[in-house]
Amino acid sequence: MVSMEKCSFLRRICHEKCSECLRESLIPLSGIGVLLNIGLLLPSMTVVKFQNLSDEVKYLPGIIGCGILIVFPVFSYLHTKRNAIEKCVRVDLCGPKYKMVHSIILAVIGILGALYGLSIAMIAIKRGPKCDIGNYRWMYPFHDWNYLTIKMKWDICIKPPAIVAWNFSLFLIQMGANFFQLIACGILLINSIRRTPSGTFNSSA
């Protein structure tokens, strides 16, 4: 009996440590997402008018989806964990029940943010960048994935220089960051839900 309780305790500690590592790993990924979005706002390191930017860049997927919706839940969790005993007015708010509900809510917010950034990045890559094809005509010359396999088509974009490769590279990296965030937040959500029926939400907790 003691051995089973000890094993359960160690398993719980392992889950908590794993969850902490996953949450903390989201912070540098959020920073990468924000930097990528800044790069997209400055295509090929040039300044263009806001109306000439691609719609997907204007949606700020790196800042909102990969950054804000991920960073705020993570920092909120770390702040709550550090100051829970001092800040809580009721004992219940410092117990396992509060922490579990908090973890589930933050994981869901993180998943929504990752999905937002991931979907915008996929649409941006499929649609291609908005560029000047000559005589100050800014438009979307590509409409499907096949432009990625025919590099000669990229020359239709005159300004910004090398915008196709720039757009594809940055959005592809953002997709990778969002995908990892989605997996991490999904694992956090599953761990939180799995621990729910194990007595965590009992009134005695």
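You'll find the structure just up there.
Owing to the predicted nature of the structure, the values given are computational and were not obtained by experimental measurement.

### Quick word on the overall build of the chain
Thought 1: Scanning the chain for helices and strands turns up 5 helices and 2 strands.
Thought 2: Listing the helices and strands of the chain from first to last along the sequence gives α-α-α-α-β-β-α.
Thought 3: Counting only residues that meet the buried cut, the chain has 38% of its 205 residues in that class.
Thought 4: Pairs at least 24 residues apart make up 72% of the contacts formed inside the chain by residues separated by at least 6 positions.
Thought 5: For the chain, the exposed area adds up to about 12000 Å²; of that, 69% sits on carbon and sulfur atoms.

### Comments concerning the environment of Ala165
Thought 1: Note that Ala165 resides in helix H5 (residues 163-195).
Thought 2: A relative accessible area of 31% places Ala165 in the partly exposed class.
Thought 3: A C-alpha to C-alpha distance of 9.8 Å links Ala165 and Gly128, two positions 37 residues apart in sequence.

### Focus on the side chain of Ser30
Thought 1: Its place among the elements puts Ser30 in helix H1 (residues 2-41).
Thought 2: Polar contacts involving the side chain of Ser30 include one to the main-chain carbonyl oxygen of Leu26, which spans 2.9 Å.
Thought 3: Excluding residues within four positions of it along the chain, Ser30 makes contact with Cys66, Gly67, Ile70, Val71 and Gln181.

### Let's talk about the state of the cysteines
Thought 1: Summed over all chains, the structure comprises 1 disulfide.
Thought 2: Note on cysteine connectivity: Cys131 is disulfide-linked to Cys157, with sulfurs 2.0 Å apart. A torsion of -60° about the S-S bond marks the disulfide between Cys131 and Cys157 as left-handed. Here Cys131 is found in strand E1 (residues 131-132), whereas its partner Cys157 is found in the loop between strand E2 (138-139) and H5, with 26 residues between them in sequence.
Thought 3: The buried category is assigned to Cys131, whose relative accessible area is 0%.
Thought 4: On the basis of relative accessible area, Cys157 is assigned to the buried category, the value being 9%.

### Some points on the packing of aromatic side chains
Thought 1: A full pass over the atoms with the stated rule returns 1 aromatic pair.
Thought 2: Ring centres of Phe142 and Tyr147 lie 4.7 Å apart, and the angle between their planes is 15°; this geometry places the pair in the stacked category. Across the pair, Tyr147 and Phe142 agree in class, each one buried.
Thought 3: The positively charged end of Arg127 is found above the aromatic ring belonging to Tyr140, 3.7 Å away from the centroid.

### As for the nonpolar core
Thought 1: Of all hydrophobic cores here, the largest spans 16 residues; its most connected members are Tyr147, Cys157, Val164 and Phe171.
Thought 2: Contributions of two or more residues to this core are made by H1, helix H4 (96-127) and H5.
Thought 3: Other than its neighbours up to four places away in sequence, Phe171 contacts Leu40, Glu56, Val57, Pro61, Ala121, Ala124 and Ile125.
Thought 4: In this structure, Ile70, Ala107, Ile111 and Cys185 belong to the second largest nonpolar core, which totals 10 residues.

### Considering unusual backbone geometry
Thought 1: Looking along the chain, the bond that leaves Lys159 and enters Pro160 is cis, with omega of -15°.
Thought 2: Phi at Ala162 is positive, roughly 55°, even though this residue is not glycine.

### Some words on the pattern of salt bridges
Thought 1: Scanning the entire structure with this criterion turns up 2 salt bridges.
Thought 2: In this structure, Arg127 and Asp55 form a salt bridge, with 3.4 Å as the shortest nitrogen-oxygen distance. Note that Arg127 is positioned in helix H4 and Asp55 in helix H2 (residues 55-58), a separation of 72 residues in sequence.
Thought 3: By relative accessible area, Arg127 is classed as partly exposed at 28%.

### Quick look at the side chain of Glu56
Thought 1: Within the element layout of this structure, Glu56 appears in helix H2.
Thought 2: Within polar-contact distance, the side chain of Glu56 engages the side chain of Arg127 at 3.1 Å.
Thought 3: In contact with Glu56, not counting residues within four places along its chain, are Pro61, Ile120, Ile123, Ala124, Arg127, Tyr140 and Phe171.

Each value, and the rule that gives it
- Residues numbered from 1 in each chain as written.
- Predicted model: local features only at pLDDT ≥ 70, side-chain atom pairs only at ≥ 80, totals over all residues.
- Heavy atoms only, no water.
- Helix = DSSP H or I, 4+ residues; strand = E, 2+ residues; numbered from the N terminus.
- Buried < 20%, exposed > 50% of the residue type's maximum accessible area, 1.4 Å probe, protein only.
- Contact = heavy atoms within 4.5 Å.
- Areas by Shrake-Rupley, 256 points an atom, 1.4 Å probe, with all protein chains shown as cover.
- Polar contact = N/O pair within 3.5 Å; in protein donor to acceptor, adjacent residues only side chain to side chain.
- Disulfide = S-S within 2.5 Å.
- Phe/Tyr/Trp six-rings, centres within 6.5 Å; stacked < 30°, edge-to-face > 60°.
- Lys NZ or Arg CZ within 6 Å of the ring centre and 35° of its normal.
- Core = buried A, V, L, I, M, F, W, Y, C linked by side-chain atoms within 4.5 Å.
- Salt bridge = Lys/Arg side-chain N within 4 Å of Asp/Glu carboxyl O.

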